[in-house]
Amino acid sequence: LPLPLVLVYAAQLRRSQSKALRVMVAFLGTGPLGVLFYNVLPACGPIHVFGSAFPFHPLSTAAALHMPLTAVAIPGARNAIPSLHMTWVLLIWWNSKGLSPWIRAIACTFVWATVLATMGTGEHYFIDLVVALPFSLLVQGLSSLSLPLRAGPRRVSILFGTFAMLLWLALLSFATRLFWTSPVLPWTMVAVTLGASLTLWRRLLDASTQETQSVLSLPAAQARARRAAG
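Residues numbered from 1 in each chain as written. Predicted model: local features only at pLDDT ≥ 70, side-chain atom pairs only at ≥ 80, totals over all residues. Heavy atoms only, no water.

To continue, consider the confidence of the model for the protein chain. Within the protein chain, residue pLDDT values average 87, and 91% of them lie at 70 or more. Low pLDDT, under 50, characterises residues 215-222; the stretch is placed with 0 contacts to residues that sit more than four places away or in other chains. (pLDDT = per-residue confidence, 0-100. Contact = heavy atoms within 4.5 Å.)

Counting across every chain of the model gives 5 aromatic pairs. Seen in terms of ring centroids, F37 and F135 are 5.8 Å apart; in terms of plane orientation they differ by 75°. Their pairing is edge-to-face. In this pair, F37 is assigned in helix α2 (residues 17-38) and F135 in helix α7 (residues 126-143), connecting sequence segments 98 residues apart. The pair F37 / F135 is uniform in exposure class, with both members buried. Ring centres of W168 and F179 lie 5.8 Å apart, and the angle between their planes is 5°; on these two criteria the pair is classed as stacked. One end of the pair, W168, is in helix α8 (residues 152-174); the other, F179, is in the loop between α8 and α9 (184-229), and 11 residues separate them in sequence. Exposure remark for W168: the relative accessible area of 4% places this residue in the buried category. (Phe/Tyr/Trp six-rings, centres within 6.5 Å; stacked < 30°, edge-to-face > 60°. Helix = DSSP H or I, 4+ residues; strand = E, 2+ residues; numbered from the N terminus. Buried < 20%, exposed > 50% of the residue type's maximum accessible area, 1.4 Å probe, protein only.)

What follows is about α2. Helical periodicity: at 3.6 residues per turn, an α-helix aligns residues three or four positions apart in one direction. Here α2 is 22 residues long and its end C-alpha atoms lie 32 Å apart, about the 32 Å a rise of 1.5 Å per residue gives. A maximum bend of about 35° is found in α2 at T30, where proline P32 lies one to four positions downstream. Burial in α2 covers these residues: K19, A20, R22, V23, A26, F27, T30, G31, G34, F37 and Y38. (Expected span 1.5 Å × (residues − 1). Bend = angle between axes of the 7 residues up to and from the residue.)

Set out below in structure tokens:
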């Protein structure tokens, strides 16, 4: 993770110090904030729960349906949801916008490799990666320091990221039966979460870019005004 972070940070630093600062603040703030949400729904990945049975002997749908939701005393850190690895690579990918195609390609490769690695090693469930999207949107909103806190895109990103993540954690904690009513319901919720997070992320980055360009162009505009007045 430090390798693509340094790459994106250095590339942004050459273009804009404010964008580079946003990358660093987002990356450093993810850890402490993520630990707080780990305690909302403490969970371990499937490898810690099912051991050698993962991934070649998964539970049947009927068995999973009748499995009670209860605390289990097993070794392992309760750091499954939201996935911070997924959050970090999403922030790297999002903040590589506007950089050269080869840097974007490296960032994109890390995103997909992280999806495969976190699930393939059994450290995360699929839903951990889904919840990482609104969480990363929240972090992106908090770290968009070039925008006022009351700015629409930043405020909406923070509020939606917080609400969507807490809603998922609440449903997974107290209403798991809801997801078994029909496969359409959880997959629709996943699609809405992903679609809304990506849309709001794009609006937030566009607003941040416009704000940065306005700040950078202000000295030039002031200089032209002084020359015209002189």
